[in-house]
Each structure stands twice: as structure tokens, then as C-alpha cells.
Amino acid sequence: MLSKLCELLFPSVPGIAVVAVGTDGEVLRVEARCTQVGAACPDCAQWTVRVHSSYLRFPADLPAAGRKAQLALRVRRFFCSATACGRRTFVEQVPGLTRRHGRVTERLRQAMSAIGLALAGRAGARLAQVMGITTSRTTLLRRVMDLPDPAATQPRAVGVDDFALRRGHVYGTVVIDAETHQVLDLLPERDAATLAPWLAAHPGIEVVCRDRAGAYAEAADTAAPQALQVADRFHLWQNLASAVEKTVAAHRSCLRDLPPPAPELEPAWETPIAAASGEDTEPDDPTGRFAERARAHHALVHDLLAQGMGLRHIARHLGWGRHTVQRYARAARWQDMVKGRKRQLPSKLDPFKPYLAGRWAATDGNVSILALHREITARGFRGHYSLVRDWIRRELPRREGCTPAPPPPSIRQATGWLTRHPATLTEEEKVRRKAVLDRCPELASTAELTNSFAEMLTTLGGDRLPEWITQATDANLPGISSFATGLNSDFDAVTAGLTTDWNSGPVEGAVNRIKMLKRQMFGRADFALLRKRVLLAP
């Protein structure tokens, strides 16, 4: 029986013999001893069998069968027989179970390290408590920091990108293996002086995937001149979108006074059947859940009043407030309870509404709302233009055959029409995009250049890049031309990005994972702990 229990409690620890097993309330007490013949000195590695003495150690262990386990391990102290060794005695250690000065078993230490890596401090301590492990958040973090870094490798291709330690203030650099997508290291800065020593320590690097930051290009040129630098296609498209937005902003006048899109035909709806006569409904009766509830509550309160019950009695009977019952009792119709929620409050526009209505009728609606707002402002109105606009559109009749022109597209909308895939545009967006391009030749040239660059990105046609740069420079468009000039300064990396399959997508995934770990630690952990979790967490 003891041998089976020993196999269950110590399945991977040879040299341990269970002497006794007992329970002390909710605690499972296990007494064990070492069965090794001798031990090796930790300083000189001399094997000895001379026993000096023995004593009990009580290392904390993992819970067993839902109970806390208390291990009483008898260990021996040996004499060191080597005369040249400065250590006279030493205590034997059980490989895989104990270590010098350790107060927990190795498997409990590994469990706490795994919990700390997965959940960090506070959340890990709560999970450990549920599992029956007595520990604190600081102990879990110490266990994480005690873990060794992963073994160093010599990658062939790496990807580098920056991440925010404190957004807008402090940034670091993440380096990953572009082939295995494993994070290799985290660096505390994002400048060339930080990345260059790391690249120099890995002379086997052949490819460096990066964004178009000058610091990373400088570090690669200095420390890894043999490596092929690849500008990421996502960042190239992002830079082009910013350039297109600048071009659209410079020609924003082309976005005004566009012809309105053709209205779509309204579907033919079936005419609803009129309500039967005799029902307590009107054509303008409110509908919805609140209206149905108001109808039922109003009928209930008035039925109880007809039976002679008072307001307080009804309130106690229904479990409502007295004022709620009073409002239902005073309402002659249930519709008043619903419409009362939308009662009109006094407005600063009230004194000027007759003037506005008169001017609107005198001009038959041929006056702009902006002009009316200026007129009543000269007469003492101190409200906003939108207040006047909303009231006129809601209360005054529109001129027959006149529909308000749609607002002009914003710069961001027009930029989206030029940079998004045509298949993702709605029919209305396609019509408005065509109207903008027909009216503005500069934006039409921008659309052609954007489409040709997108084709190079998707088909990896980087051999056409010099021709595209020449066309974009000759177009003399603000934003696009400066973007093309900037490509010349990083021509080799951009060409590699448009002709090879290497990209920085895995690096962006690593950055998203870093953000998740930061949020899990509430953004208050230091760089060393974040680095440990990024490198070691599964």
C-alpha cells in the first residue's frame, strides 16, 4: 500500500521511500526518507558515504486529493572526505524534489512559475488559492523572475517592430524569428543604438523585416550589412493612404457641390388593415412595449378606482409608489401616459418661432436656414444654428420638388473611396466616387496611381516600382509626390518588400500579444517582468 502511494505522490522522484501517511484534519501528512547510499559534495563533487547526522525538512508540496500536503522529509548530513575541499559537511539533496535553502518542492515551484507566467500576480494568487496552494502575488512574480531565459538561437531571418511601454512616452523593440514566429528578445528602446548590438551578436542574420522607421534601417546598415532589408507591405500601404489623404485635403474644393446620387425606388409596401371600430385605438396611438404596459396599468388602476379603493390602498395592493398610482389615476386616457414622456420643454427659440414661420411662408421656403439664423441672431437670439435648422426641418413645410442637398463627403470618406478595394464600396459610394473623379483630374490621377501601387502590392510586381515613382513624381500631387520621393531613399528595402514573400505580419501579432500581457498586468509591471512573460509564457 505504501509503495503504491509513493508512486502516486512521487512518480518522478527516485530514491524516496514513504515511511508513514496520516491525516491531521484537512492536512495530509507524508513522512519520507532518502534511500540513496551516499551523496556528492556540491563543491568538489567527491562522493562520500560518511553520515554526520540527520534532521527533518518540511518543504511545502502540491495539494493531494484536494487536501494540503505536508511533507516531512528526513535528510542526512554527510562529511566531505576530500582534504582539499573547504567544505567539511553538506546536506544531501533529492534531484527533482529539493534544492539548497528551498522551502518548497521543485514541482510546487514549477507549478507556481507556470501560474505566474500565465496570469501574473493578483490573478495568479487567486487561482493558486482555489487550487489549494498558499502563496502571494509577490512570490509568484519572484518565481517568474527566477526562471532562466530561453536558449539563445542563431536566426536566419528576423522581424523588428516597436511597441509601447507607455503610449506616447516610452517605446521598446520586439525582435522575432521571421520563420518560426517565436519572440527572440525584447529591447528597452527603439533606437539604432539599442538594436545594433543585438544584430551584431547574431552574425547569421540574412533577412531583416522592418517598417520604414529610419532607426531600424540605420541599425541594420551598421550591424548587419550582409542582411537583406525588407520594408513591410502593410506599412507601405499605410504610408500611401496618408499621402492620399494629404492629396484629397489639398483638393477639398472638388468635394463640394457634387451632383446628388440618383434616389433608389422605394419598395411597395402593403397597406396595413385599419383597426376595427369600437377598439380603444387611434390612428396616431403609440406602439411598443412601454405603450402596451401603459395601457394595461391604466386599465388596472381605473378598475380598482371604480371598485372604491383609494390611492394609498391601490399602491399597497399593487406594490407601486403612491405617486405612480396617482399619475395613472389623473390620466384620462392611457395615451397621455406615453405622450407625456415626450412633452415639449420651453426653448429659447420659442419667441422667434412666429417670425421664422412668417419669413418661411412669405418666401415660399426660398430662404436658407443660415440666413434665417443670422436674422434672428440680430434680433436677440443666442442659440446655435442647429437648433434653428432642426426646428425648421421638423415643423415647417418643405417646398414641393425641393429636397435638401446631401452634405459633401469628408476628406476621410473620399480617401476611403480611393484606397479601398472597389468590391467593398456600396453602389452609392461608387456613384459619388465617380462624380468626384470626373470633376477633379488631380484626384483621378491619384486614383490611378493608387490602383497601380495596390496592384504591385498584391502581385509582388516590384520590378515596376521605378516606373511608378517616375509617374508619381511627374504628377506633382501634394502627398503622393513626396511619398514617391521618400521611396527613393529606401529603394532597396521597398523593392524587396514588393518582390519577396517576407513581411512583418508575425511581428504585428507579437505586438498584439504584448498588449494583452500589459493589460493583464494593469500596465504597472516593469520591463524585466514583461520581457520574462513574453519570452517564456506559452
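Residues numbered from 1 in each chain as written. Predicted model: local features only at pLDDT ≥ 70, side-chain atom pairs only at ≥ 80, totals over all residues. Heavy atoms only, no water.

Caption draft 1: The arrangement of a positive patch on the surface in detail. Residues Arg122, Arg126, Arg137 and Arg524 make up a contiguous surface patch of positive charge. By the element assignment, arginine 137 lies in helix H4 (residues 137-146). Looking at arginine 137, the relative accessible area reads 38%, which means it is partly exposed. (Patch = residues over 30% accessible without salt bridge, like charges linked within 9 Å, V, L, I, M, F, W, Y side chains within 5 Å. Areas by Shrake-Rupley, 256 points an atom, 1.4 Å probe, with all protein chains shown as cover. Salt bridge = Lys/Arg side-chain N within 4 Å of Asp/Glu carboxyl O. Lys, Arg positive; Asp, Glu negative; His and termini not counted. Charge placed at Lys NZ, Arg CZ, Asp CG, Glu CD. Helix = DSSP H or I, 4+ residues; strand = E, 2+ residues; numbered from the N terminus. Buried < 20%, exposed > 50% of the residue type's maximum accessible area, 1.4 Å probe, protein only.)

Caption draft 2: Seen up close, the environment of aspartate 501. When you line up the elements, aspartate 501 lands in the loop between helix H20 (491-499) and helix H21 (505-520). When residues no more than four places from it in sequence are discounted, the contact partners of aspartate 501 are Arg233 and Leu460. (Contact = heavy atoms within 4.5 Å.)

Caption draft 3: Quick peek at the pairing of strand S1 (residues 16-24). Here 8 bridges tie S1 to strand S2 (residues 27-34), and the two strands are oriented antiparallel to one another. What sits directly across from valine 18, in S2, is alanine 32. Where S1 folds back onto S2 in an antiparallel hairpin, the turn is made up of 2 residues, including glycine 25, whose phi is positive at roughly 70°. (Pairing = 2+ DSSP bridges.)

Caption draft 4: Geometry of the pattern of salt bridges. This structure, assessed with the given rule, holds 22 salt bridges. Taking the shortest distance from any N to any O, the salt bridge between arginine 210 and aspartate 490 comes out at 2.9 Å. With a gap of 280 residues between them, arginine 210 in strand S11 (residues 207-210) and aspartate 490 in the loop between helix H19 (480-489) and H20 connect regions that are remote in the sequence. Across this residue pair, the class does not change: arginine 210 and aspartate 490 are buried. Among the salt bridges present, the one from aspartate 438 reaches lysine 434, with a minimum N-O distance of 2.9 Å. Separated by 4 residues within a single helix, aspartate 438 and lysine 434 lie in helix H16 (residues 427-439), roughly one turn from each other. Residue aspartate 438 is classed as exposed on the basis of its relative accessible area of 55%.

Caption draft 5: Summary view of the packing of helix H13 (residues 369-378) against helix H14 (residues 385-395). Running from N to C, H13 and H14 point in directions that differ by 120°, and their axes come no closer than 10 Å. Relative to H14, the element H13 lies oblique. Crossing hand, H13 versus H14: right-handed. Residues Ile369, Leu370, Leu372, His373 and Ile376 of H13 form the contact with H14, whose own contacting residues are Tyr385, Val388, Arg389, Ile392 and Arg393. Residues of the contact of H13 with H14, tallied by class, amount to 7 nonpolar, 1 polar and 2 charged. (Axes fitted to C-alpha atoms, helices over the stretch in contact; angles between N-to-C directions. Parallel < 35°, antiparallel > 145°, perpendicular 65-115°, else oblique. Left-handed = near helix turned anticlockwise from the far one by under 90°. Nonpolar A, V, L, I, M, F, W, Y, C, P; charged D, E, K, R; others polar.)

Caption draft 6: Examining the sheet that holds strand S12 (residues 228-231) more closely. Across the sheet, which stays open at both edges, the 5 strands sit in the order S10-S9-S8-S11-S12 with mixed pairing between neighbours. Taken across any chain shown, the strands that pair with only one partner, and hence form the sheet edges, are strand S10 (183-187) and S12. Ignoring which end each strand starts from, the neighbouring axes of this sheet average 25° apart. Where strand S9 (residues 170-177) and S10 come together, 4 bridges link them in antiparallel fashion. Looking at S10, one finds that isoleucine 176 is bridged to valine 183. Against the sheet, H21 contacts strand S8 (157-166), S9 and S10, and its axis sits at roughly 30° relative to S8.

Caption draft 7: Fine view of the packing of aromatic side chains. Counting across every chain of the model gives 6 aromatic pairs. Relative to phenylalanine 483, the ring of phenylalanine 453 lies with its centre 5.7 Å away and its plane at 75°, an arrangement referred to as edge-to-face. Residue phenylalanine 453 is found in helix H17 (residues 441-459), and its partner phenylalanine 483 is found in helix H19; the two are separated by 30 residues along the sequence. By relative accessible area, which is 0% here, phenylalanine 453 ends up buried. Judged by relative accessible area, which is 6%, phenylalanine 483 ranks as buried. Joined through ring pairs, the aromatic side chains of Phe453, Trp468 and Phe483 make up one cluster. Here the basic side chain of arginine 190 rests over the ring of tyrosine 171, its NZ or CZ set 3.9 Å away from the ring centre. (Phe/Tyr/Trp six-rings, centres within 6.5 Å; stacked < 30°, edge-to-face > 60°. Lys NZ or Arg CZ within 6 Å of the ring centre and 35° of its normal.)

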